[in-house]
Amino acid sequence: QEYLDFRKERSRMLLSRRNQLLLEFSFWNEPQPRQGPNIYELRTYKLKPGTMIEWGNNWARAIKYRQENQEAVGGFFSQIGELYVVHHLWAYKDLQSREETRNAAWRKRGWDENVYYTGEQDPHPGGPHPTLGTPFPHLSLSFPSPVPLIRTMESRIMIPLKISPLQ
């Protein structure tokens, strides 16, 4: 009876629900329990159909630039449900460390070239990019013509529950 009451109450709050079966990218670390406190950023990318292998190849090279601070928690892609969806989970001490860590990553040659390639091409070379912000001096369009792989992108900041192994 308690469960039925819960379902009834939940149905008043739940507007929609989507399920996905995800697989882990082999080049990411397997998520491990963490000591906190941390905040987590879940970045979701909806890719253009047919681009998953290209996405994975670029991120397999890029992820090594984000391993030193242990902020890369996990990378996953959809296998059942909406396809061509990628989720990256990142851990940070707080929003300030998130900003500092992300800015530092963009200053690393290799990170910028691989990750930039997976996004939309900058229509305003030399000026601020609407997604990437102000370019760094070594970030240019001199590498092979970027292929836009992303249809949409979303970022969510999450705070773990006390029962979560990811603190």
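In what follows, the structure referred to is the one given above.
All residue numbers refer to position in the chain's written sequence, counted from 1. The predicted nature of this model means local features are confined to residues of pLDDT at least 70 and side-chain atom pairs, given and counted, to a pLDDT of 80 or more, with totals for whole chains, interfaces and linings taken over all residues. With hydrogens and water set aside, each side-chain value is computed from the structure's full complement of heavy atoms.

Asks: Provide a residue-level description of the pattern of salt bridges, including the pertinent values.
Replies: Salt-bridge detection follows one rule: a side-chain nitrogen of Lys or Arg within 4 Å of a carboxyl oxygen of Asp or Glu. In total, this model carries 7 salt bridges according to the counting rule given. Between Glu-82 and Lys-46 there is a salt bridge, and its shortest N-O distance comes to 3.5 Å. Within this pair, whereas Glu-82 is found in the loop between strand 3 (72-80) and strand 4 (85-92), its partner Lys-46 is found in strand 2 (residues 39-47), the two being separated by 36 residues in sequence. In this scheme, a residue with accessible area under 20% of its type's maximum is buried, one over 50% is exposed, and one in between is partly exposed, where area comes from a 1.4 Å probe on protein chains only. Judged by its relative accessible area of 31%, Glu-82 falls in the partly exposed class. By relative accessible area, Lys-46 is classed as partly exposed at 21%. Sharing partners across several salt bridges, the network here consists of Arg-18, Lys-46 and Glu-82. Secondary structure elements are defined from DSSP: runs of H or I of at least 4 residues count as helices, runs of E of at least 2 residues count as strands, and each element is numbered from the N terminus.

Asks: Summarise the environment of Gly-36; cite the residues concerned and give the values.
Replies: Inspection of the secondary structure puts Gly-36 in the loop between strand 1 (21-24) and strand 2. Using a relative accessible area of 38% as the deciding quantity, one classes Gly-36 as partly exposed. With 57 residues separating them along the chain, Gly-36 and Lys-93 place their C-alpha atoms 7.7 Å apart.

Asks: Go over the packing of aromatic side chains with me, naming the residues and quoting the values.
Replies: Note on aromatic pairs: the rings of Phe, Tyr and Trp (six-membered ring only in Trp) are paired at centre separations within 6.5 Å, and the planes decide the class, stacked below 30 degrees, edge-to-face beyond 60, tilted for the rest. The tally for this structure, following the rule as stated, stands at 11 aromatic pairs. Residues Phe-25 and Phe-77 carry aromatic rings whose centres are separated by 4.9 Å and whose planes lie at 45° to one another, so their mutual orientation is tilted. Here Phe-25, found in the loop between strand 1 and strand 2, pairs with Phe-77, found in strand 3; they are 52 residues apart in sequence, far enough to count as distant. Residue Phe-25 shares its accessibility class with Phe-77, and that shared class is buried. Here the aromatic residues Trp-28, Tyr-45, Trp-55, Trp-59, Trp-90, Trp-106 and Trp-111 are joined through ring pairs into a cluster of three or more. One cation-aromatic arrangement involves Arg-66 over Trp-90; the distance from NZ or CZ to the ring centre is 4.1 Å. Whether a charge sits over a ring depends on NZ of Lys or CZ of Arg being within 6 Å of the ring centre and within 35 degrees of the ring normal. The ring of Trp-111 is capped by Arg-66, whose NZ or CZ atom sits 4.9 Å from the centre of that ring.

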